[in-house]
Each structure stands twice: as structure tokens, then as C-alpha cells.
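# A look at the structure
Spelled out from the first residue to the last, the chains are:
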Amino acid sequence: MTDQAAPITGRLHSYETLGTLDGPGLRLVVFLQGCPLRCLYCHNPDTWDLVGGRPITVAEIIAKAQRMRPYFGTTGGVTLSGGEPLAQPHFTLALLQALKREGIHTVLDTSGTAIFTASERAQDQDSATIQAILDATDLVLLDIKAPTATGFQALTGRSIAGLEQFIELAHANGQAIWIRQVIVPGMNDNQSDLKALRDFLQRFPRLQIGKIELLPYHTLGVSKYKQLGIPYPLAEIGALPAEKLAELQQEVDSWSMTVK
Ligand code: SF4
């Protein structure tokens, strides 16, 4: 178990102050270090390494959030993003709980896949910890990389099991959630992939879905791969045209799956 009395340290990649894209209102976005996935289109490969970034305490982030509080207004707050905030599940839990104690609105921007040790899994601490994380989260931004086991494995190099576990717990919680998916030309920019996303979401009717947003694949991260000396897997694929995105988003908007 996490010792709640001890200073809890995690690893920070970076901050964005006054972010407007990752949840409602003006937000402090905390990009945590580490990610278990290896998405083919990832534009932040510098966040992957769990021992990268710099050490940071819950108290340090709370102090920064307090300084920004006047900007949050009635709708803003703090978003935990990454990398993947569930790569450091115990730090993320401690931080979310501390933010809630301060009365600050919390958003978790995640792909749903966490990193736990084998013994934590054996003792089923993973579902208990994710449940506690959901309880301290006002709004989840869930990036559904792909809604099928084969598609998820092909895109991320990892199993869909983490996403399945996460969304089932969120469903049981009746979680407020925004759904996101990146659309890549030639990979998932077609009707059958959209239908698979719809079929997947229909399995979880108790989710309080506020938005379903399709995001266009872009090539802005390519230079980071060059800097890191990693081959870029989608080098042959161009950005998604705006008209194609608009057409697919129109289809998604017709699903009537969101709460008003
Ligand atoms: S989940 Fe995000 S940070 Fe992780 S590999 Fe995928 S795109 Fe990159």
C-alpha cells in the first residue's frame, strides 16, 4: 500500500499553464513522464521513459495549482496528462486526491493502460487503485487508440486488456467522460472503423459521454524522432485532410450517444 504520510514523489515531463484543449475552462496541464504504449504516431516519444523527466512531489504541484487558482474560474482546474498518467498510478492517485482535498476540478487524460508490478496485479491492487483514481477524477478524457484487440495491438504494440479494464471500471462508476480518437489516413479513416468505435462504446451505456472528438493525425512529432535517433514508423503517411476529418466527425455527431 502507498504510505499516504510520506512525501510522494513522481516524475514530471513538463507543464502547460492556461491550457484550453485538455478539459473545460483554463487549466494547468501536468504532463507526467512514462508511457506503456508505443503508438505508431506518437509525437511525444521523449515521454516514454519512466525514469526520464525530473522528480516532483505532490506538494510542489499543489502549490503551483494554488498559484493558478484565480485563472481556473468555475470550470477550469488541473489536467493530468502525459505520457500516460497511469504509468505512475500511485503518484497519480495521490495527486488527484490532494487536488480534490483542495477543491480543484480534476481531469485525467489517459489511454486507459496502467503500469503495475506483478505482485500488485497478483494482489489485485491494480483494479482497486484504478477505482480510487476514478473516484478522485471529475472528468476522464479517454483516448481510444483502437476499439478492437487486433487494431489496438497493431497501433500501440500492447494488449487492449488495460483499456478494457479501465473502461469497465469507469462504466461501473457512471463516469463523466470525453472520448477521443486520432484518425490516421489509410488506417482508421473509414466507415467500418467508425462503426467498430461505435460498437465498442455501446457496450458501456452508463458512461456519461460529454463529447466524442476525432483528432486529425499530423506529422509535427517527426523531428523529435530524428533528435532521439528513432525511426519514425509512419514516415510514408501524410496528415489527415480537414475535409475528411469534418466528414467523419459529422457521422460521429449523428450517433446521439452524448449526454446533453
Ligand atoms: S499513449 Fe500517448 S504518449 Fe503513449 S505512446 Fe501513445 S501517443 Fe505516445
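Remember, predicted model here, so these are calculated numbers, not experimental data.

## Here's the deal with the packing of aromatic side chains
Counting across every chain of the model gives three aromatic pairs. Their ring planes at 80° and their centres at 6.4 Å tell us that Trp48 and Tyr225 sit as a pair that is edge-to-face. With Trp48 in the loop between β2 (27-32) and β3 (54-57) and Tyr225 in helix α8 (residues 222-228), this residue pair connects regions lying 177 residues apart in the sequence. The exposure class of Trp48 is buried, given its relative accessible area of 16%.

## Considering the layout of surface pockets
Estimates place the volume of the largest pocket at around 880 Å³. Looking at the largest pocket, it is lined by 33 residues, and the ones nearest its centre are His43, Asn44, Gly82, Asp109 and Asp143. For the lining of the largest pocket, the elements supplying multiple residues, two or more each, are β1 (9-19), β5 (105-110), β7 (176-183) and β8 (208-216). Taken together, the residues that form the lining of the largest pocket break down as twelve nonpolar, eleven polar and ten charged.

## Structural notes on the site of the ligand
As a matter of local geometry, the ligand sits amid Cys35, Leu37, Arg38, Cys39, Cys42, Thr47, Trp48, Gly83 and Lys145. Of all the cavities here, the one that holds the ligand is the largest pocket. Residue classes in the shell around the ligand are distributed as five nonpolar, two polar and two charged.

## Some words on the nonpolar core
Ranked by internal contacts, the top residues of the largest apolar core, which has 72 residues, are Tyr41, Val78, Leu142 and Leu201. Broken down by element, the residue count for this core peaks at seven residues, all from helix α2 (residues 89-101). Here Leu142 is in contact with Thr110, Ser111, Gly112, Leu163, Phe166, Ile167, Ile177, Trp178, Ile179 and Arg180, once residues within four sequence places are set aside.

## Describing the packing of helix α1 (residues 58-72) against α2
Relative orientation and spacing of two packed helices are given, respectively, by the angle between their axes and the distance between those axes. Orientation of α1 relative to α2, taken along the N-to-C sense of each, is 40°, at an axis distance of 10 Å. The crossing of α1 and α2 is right-handed. Residues Val58, Ile61, Ile62 and Ala65 of α1 touch α2, and the partners they reach there are Phe91, Ala94, Leu95, Ala98 and Leu99.

## A closer look at helix α6 (residues 161-173)
Taking 1.5 Å of rise per residue, 13 residues should cover 18 Å, and α6 covers 19 Å from first to last C-alpha, within 8% of that figure. Buried within α6 are the following residues: Gly162, Leu163, Glu164, Phe166, Ile167, Leu169, Ala170 and His171. For α6, the secondary structure elements touched by its buried residues are β5, α4 (125-135), β6 (139-143), α5 (149-156) and α7 (191-202). Gly174 sits one or two residues past α6 and shows a positive phi near 60°.

## A word on the pairing of β1
When β1 meets β3, the two strands line up antiparallel, connected through four bridges. Paired with Leu12 across the two strands is Arg54, which belongs to β3. Here β1 pairs with β2 via five bridges, running antiparallel. Bridge pairing in β2 links Tyr15 to Val30.

## Remarks on the sheet that holds β6
Strand order in the open sheet formed by eight strands is β3-β1-β2-β4-β5-β6-β7-β8, and the pairing between neighbours is mixed. Each end of this open sheet is capped by a strand with a single partner; those strands are β3 and β8. Taking the axes of each pair of neighbouring strands and ignoring which way they run, one obtains an average angle of 30° across the sheet. Strand direction decides the pairing type here: strand β4 (residues 77-81) and β5, joined by four bridges, are parallel. Each residue of the ladder has a partner; that of Leu80, found in β5, is Leu108. Contacting β5 and β6, α6 crosses the sheet at an angle of about 150° to β6.

The rules we used
- Residues numbered from 1 in each chain as written.
- Predicted model: local features only at pLDDT ≥ 70, side-chain atom pairs only at ≥ 80, totals over all residues.
- Heavy atoms only, no water.
- Phe/Tyr/Trp six-rings, centres within 6.5 Å; stacked < 30°, edge-to-face > 60°.
- Helix = DSSP H or I, 4+ residues; strand = E, 2+ residues; numbered from the N terminus.
- Buried < 20%, exposed > 50% of the residue type's maximum accessible area, 1.4 Å probe, protein only.
- 1 Å grid on protein atoms, 1.4 Å probe; cavity = no way out; pocket = protein on both sides within 12 Å on 5 of 7 lines; lining within 4 Å.
- Points joined across faces, edges and corners; volume = space filled by probe spheres on them.
- Nonpolar A, V, L, I, M, F, W, Y, C, P; charged D, E, K, R; others polar.
- Near = heavy atom within 4 Å.
- Sits in = over half its atoms within 2 Å of the grid points.
- Core = buried A, V, L, I, M, F, W, Y, C linked by side-chain atoms within 4.5 Å.
- Contact = heavy atoms within 4.5 Å.
- Axes fitted to C-alpha atoms, helices over the stretch in contact; angles between N-to-C directions.
- Left-handed = near helix turned anticlockwise from the far one by under 90°.
- Expected span 1.5 Å × (residues − 1).
- Pairing = 2+ DSSP bridges.

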